[in-house]
Amino acid sequence: MPTSRPTAVATGQARSASRSLHDIPAQYVKGVGPTRAEQLARLGLRTVEDLFYHQPHRYEDRSHLATIASLRPGLKQTTQGVVLALSEKRYGKHQFVAALSDDTGVLQAIWFGQRFLRRVIHRGTRLIVHGRVERAGVVQMVVDEHEVLTGDEDDTLHTGRIVPMHPATEGLSPRVLRTIIARALDEYLDALPELLPDHIRKQQGLARHQEAVRNLHFPSSMEDAEAAHRRLAFDELLVLQLGVLMRKQAVRVVEKGIRYKRRGGLLAQFVATLPYSLTAAQHRVLGDVTGDLYSPRPMNRLLQGDVGSGKTVVAAAALWLCVGGGCQGALMAPTEILAEQHYLTFRRLLAPLGVRLALVTGSRRRPDRDRIREALAAGEIDVAVGTHALLEEGVEFARLGLVVVDEQHKFGVLQRAELRQKGEHPDVLVMTATPIPRTLSMTLYGDLDASVLDEMPPGRGVIKTYVRGPEKRPEVYQWVRQQVDGGHRVYVVCPLIEESDKLQAEAAIHLAERLRAGVLDGVTVGLLHGRMRPDDKDAVMEQFRTGAIRVLVATPVIEVGIDVPEATIMIVEDADRFGLAQLHQLRGRVGRGPQTSFCVLLSSAMSDPARERLDTMAQTSDGFVIAQRDLELRGPGELMGTRQHGLPDLRIADLLGDAPILQDAHREAGHLLADDPDLSQRDHAELRDLVRRRFVERPGVAAVG
Ligand code: ADP
Ligand code: MG
């Protein structure tokens, strides 16, 4: 990193012409040396542009600070004063106490566990403190945040106004950060281009770009701060939508490499072999899929349908049309157990029609693997069902027509793209049971056409869900015992241990042993975990299907896809360790037959958020409601992992809170591209550059589409 600032960059108009703000290191800002630059980098702030978009997590109105006399116990407030006296309590939990005074009274400000304060705060120091006010004889405050006022002119940045509180880090206080950002604005804000064409800005009633960036940090009113957020969130979401829609356009213009021979009656032939009739929703979705298959453009479709809505048979029908039309198909599932189940299901559904199937997983024996690979490459296998082992080098298809990805949310966008690359612009159908609110799907799956299975197959029993504490555990297992004796089949899922496959397997082994030796003595208790040999897994699943095994103790590998309609009870141990979406999936393993089913969520953690999550499960079985709750509780970033979807991070916008802005941005992006599909018009140049920069030039995002 350069240590001195070239004047051509720091001054005059030359800088805007020669370099963009995202190319100018934060270190060029006055007062930022190598140490500060390193601290800034820890916050992800490397350039002047990064500083501009470092959004405050809150604002503090210091234009009228409360006087000490007016502080009200029970509230979180901000006040200021001069330190009269200091004391420390060193026994027990360390306490640092400062008696602060203004003209109106005295406040005891208290910090816990911050020994270093004695080097920073002295008698006579002027302080701003923010925290919860309490009354214990005298007025006290447990301080969350404080700032030392220096008495120089700089203080006008930090008090007497609405002050931004930026996310900070060790050694880099909000005060220092505020100062650096203020300097960056002074030096470089002039060089910030407008970005939005005037008509959009006016249409949407948005602030100007430079004004918005300044007001994001130093607003003169809370309305200004809000308007700044709205403008900058709009920009960010507009770029996001433009990128997503342009990706969609890019797929639209290519032609698929292989066309299917169209033969009448193919679909009817398949449907006639089914032991049930398709639901209206399944028919409708198959209509969408058929249309895509016979179109010259590759299919790029998302099939969303709640757990148990019957997505597999839709995939089977699509694969049958593909094979019947003279091509090969592939279906990828996230776990071996699910791939094996799909393989069996498809063999039952498709083999009678003459379809040749193979199972492709990582744990197949070498000779089998090689034989299958040869047959696939020679076109002697019609449908390959497998895990991500399908993506390996050496897995080649003679004429790949259709790719199906099941439980898409368990894969990254890159894996989807990789499978696509096994063919020449093949059709792609991705399926997911994780229902997500429309605003999110518009973004995450905005490049896909969408079909929804919004109807359950008829004749499903209800699922009753209960949340139980540890004291009820013996009772729950007694009840399980009775149910098993009465002929029911039960899943018991052991606690989630994310870090270690091995520990996870051990947990399942122990649980199975305890149950066999205890309350389930004499019952056939099976065991299923990821570290078992594939043949053993198959055998256990098969025995559970037939009923030879009554209770299946499993790791969370059974979370997705497993389909045994006779199973009616799901017990989840330590249920609070799972997210809502996972619990919904787990519960979806039962309730697949006509009988009433039960789901018992065992949990000893009764903290509020955990309790709330589990109660949500007890209250509703609607996947959309659960997804919305999940989104609220965990936030969209964590829920969907936008990175995994190949989307740029959002710095300003929040997909949940800013949903209305997202709608506007979506609409505006559509208009823009209808008018100027590749953003080549002059007043779109800044936008085009930004889309390119955030989507195309980012490693990992390039391969998408
Ligand atoms: P998911 O959408 O969760 O993948 P599955 O495809 O596993 O659901 O289907 C769940 C169960 O519903 C399976 O046992 C399947 O055989 C059955 N099923 C699917 N479609 C129908 C239908 N139209 N009528 C009756 N049962 C159906
Ligand atoms: Mg499924």
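Our structure's up above, just so we're on the same page.
Here's a quick rundown of the structure. Model, not experiment: these values are computed from the prediction. (Residues numbered from 1 in each chain as written. Chains lettered and ligands numbered in written order. Predicted model: local features only at pLDDT ≥ 70, side-chain atom pairs only at ≥ 80, totals over all residues. Heavy atoms only, no water.)

Within the fold, D306 resides in the loop between strand 8 (300-305) and helix 12 (311-324). Only 2.8 Å separates the side chain of D306 from the side chain of H584, close enough to count as a polar contact. (Helix = DSSP H or I, 4+ residues; strand = E, 2+ residues; numbered from the N terminus. Polar contact = N/O pair within 3.5 Å; in protein donor to acceptor, adjacent residues only side chain to side chain.)

Moving on: the environment of I571. Within the secondary structure, I571 is located in strand 19 (residues 567-572). Accessibility expressed as a relative area gives 0% for I571, which makes it buried. Counting along the chain gives 25 residues from I571 to T546, while the straight-line C-alpha distance between them is 20 Å. Look past the residues within four positions of I571 in its chain and what remains in contact with it is V476, Y477, W479, V480, V490, Y491, V492, V493, V600 and L602. (Buried < 20%, exposed > 50% of the residue type's maximum accessible area, 1.4 Å probe, protein only. Contact = heavy atoms within 4.5 Å.)

This brings us to the sheet that holds strand 12 (residues 400-405). By way of backbone hydrogen bonds, the strands of a sheet pair with one another, either parallel or antiparallel. Read from one edge of the open sheet, 7 strands run 10-11-9-12-13-8-14, paired in parallel fashion. Of all strands in the sheet, those bounded by a partner on one side alone are strand 10 (357-360) and strand 14 (449-453). Pairwise comparison of adjacent strand axes, ignoring direction, gives a mean angle of 20° for this sheet. Direction of pairing for strand 10 relative to strand 11 (residues 383-386): parallel, over a ladder of 4 bridges. When the sheet's bridge partners are listed, V360 is paired in strand 11 with G386. Across the face of the sheet, helix 13 (residues 336-350) comes into contact with strand 9 (328-332), strand 10 and strand 11 while running at roughly 175° to strand 10. (Pairing = 2+ DSSP bridges. Axes fitted to C-alpha atoms, helices over the stretch in contact; angles between N-to-C directions.)

To continue, consider the pairing of strand 5 (residues 126-136). Summarising the sheet, strand 2 (residues 76-89) and strand 5 pair through 7 bridges and their orientation is antiparallel. The residue bridging Q80 from the neighbouring strand is I128, located in strand 5. Once strand 5 ends, the chain turns through 1 residue before running back antiparallel as strand 6 (residues 138-149), passing G137 with a positive phi of about 80°.

To continue, consider the environment of V385. Tracing the chain through its elements places V385 in strand 11. What makes V385 buried here is its relative accessible area of 0%. The residues touching V385, leaving out its near neighbours within four places in the chain, are L331, A339, H342, Y343, F346, L357, A358, L359 and V360.

Bringing the packing of helix 8 (residues 209-217) against helix 9 (residues 222-253) into the picture now. For the pair helix 8 and helix 9, interaxial distance at closest approach is 8 Å and the crossing angle is 125°. In terms of orientation, helix 8 lies oblique with respect to helix 9. Judged by the sense of rotation from one axis to the other, the crossing of helix 8 with helix 9 is left-handed. Packed against helix 8, whose contacting residues are H209, A212, V213, N215 and L216, the element helix 9 presents D224, A225, A228, H229, R231, L232 and D235 at the interface. (Parallel < 35°, antiparallel > 145°, perpendicular 65-115°, else oblique. Left-handed = near helix turned anticlockwise from the far one by under 90°.)

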